[in-house]
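Descriptive analysis of the structure
Listed here are the chains, written in short residue letters.
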Amino acid sequence: MYKELKVLFGERVAKLRKLKGLSQEKLSEQIDVSVSTLSNIETGSFFTQYKNIDKIAKALGVEVRELFNFDNTNNKEQNLKAIYDKIEFIKDDEDKVAILYDILSRFF
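The following paragraphs examine the structure supplied in this document. Source: prediction; values computed, not measured.

1. Focus: a nonpolar patch on the surface
Residues L80, I83, Y84 and I87 make up a contiguous nonpolar surface patch of roughly 350 Å² in combined accessible area. Judged by relative accessible area, which is 37%, I83 ranks as partly exposed.

Following this line, the structure appears as structure tokens:
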């Protein structure tokens, strides 16, 4: 079954939050979003704003790339397709492309 990037990201955030022993309430306070927003992120209902990715990583005590270290149950081709789909979706939005470039440049 194909999972979108936002679902994979949400599952990863939830897993890391639980490993750290944080409740949704505590993490939502630390990253300055509502509990319902965090719940929607964790369930993959929507993807977080780009500015919150760093906040989430810091609150969970991980590098940003760790938030995107998805389970090995998803194959490489599915993950790449999800990434390409997101890039295709934002390619005409210069601000989003700049933000994505900034995030990716931290890893390379």
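What follows continues from the structure just given.
2. Side note on the packing of helix 1 (residues 5-20) against helix 4 (residues 50-60)
Running from amino to carboxyl end, helix 1 crosses helix 4 at an angle of 25 degrees, the nearest separation of the two axes being 10 Å. Classified by the interaxial angle, the pair formed by helix 1 and helix 4 is roughly parallel. The two elements helix 1 and helix 4 meet at a crossing, and its hand is left-handed. Residue-level inspection shows F9, V13, L16, R17 and K20 of helix 1 in contact with helix 4, the latter providing I53, I56, A59 and L60. The class makeup of the residues in the contact of helix 1 with helix 4 is 7 nonpolar, no polar and 2 charged.

Rules used in this analysis
Every chain's residues receive numbers from 1 upward, in the order its sequence appears when written. With the structure being a predicted model, the display of local features is reserved for residues of pLDDT at least 70 and the display and counting of side-chain atom pairs for 80 or more, all residues being used for whole-chain, interface and lining totals. Water and hydrogen atoms play no part in the side-chain values, which are based on all heavy atoms of the structure. Only residues above 30% relative accessible area that lack a salt bridge enter a patch, with like-charged residues linked at up to 9 Å and the nonpolar side chains Val, Leu, Ile, Met, Phe, Trp and Tyr linked at up to 5 Å. All accessible areas in this document rest on Shrake-Rupley with a 1.4 Å probe, and a residue is counted as covered only by the protein chains that are shown. Definition used for salt bridges: Asp or Glu carboxyl oxygen within 4 Å of a side-chain nitrogen of Lys or Arg. Whether a residue is buried, partly exposed or exposed follows from its accessible area with a 1.4 Å probe, protein chains only, as a fraction of its type maximum: under 20%, in between, or over 50%, in that order. Geometry is summarised by axes, namely lines fitted to C-alpha atoms with helices restricted to the contacting stretch, and by angles between N-to-C directions that run from 0 to 180 degrees. Working definition: helices are DSSP H or I runs of at least four residues, strands are E runs of at least two. Numbering for both runs from the N terminus. Under this scheme an angle from 65 to 115 degrees is roughly perpendicular, one under 35 degrees roughly parallel, and one over 145 degrees roughly antiparallel; angles in between are oblique. Note: crossing handedness is left-handed where the near helix turns anticlockwise from the far helix by less than a right angle, and right-handed where it turns clockwise. Any two residues whose heavy atoms approach within 4.5 Å at even a single point are treated as in contact. The classification used treats Ala, Val, Leu, Ile, Met, Phe, Trp, Tyr, Cys and Pro as nonpolar, Asp, Glu, Lys and Arg as charged, and all other residues, Gly among them, as polar.

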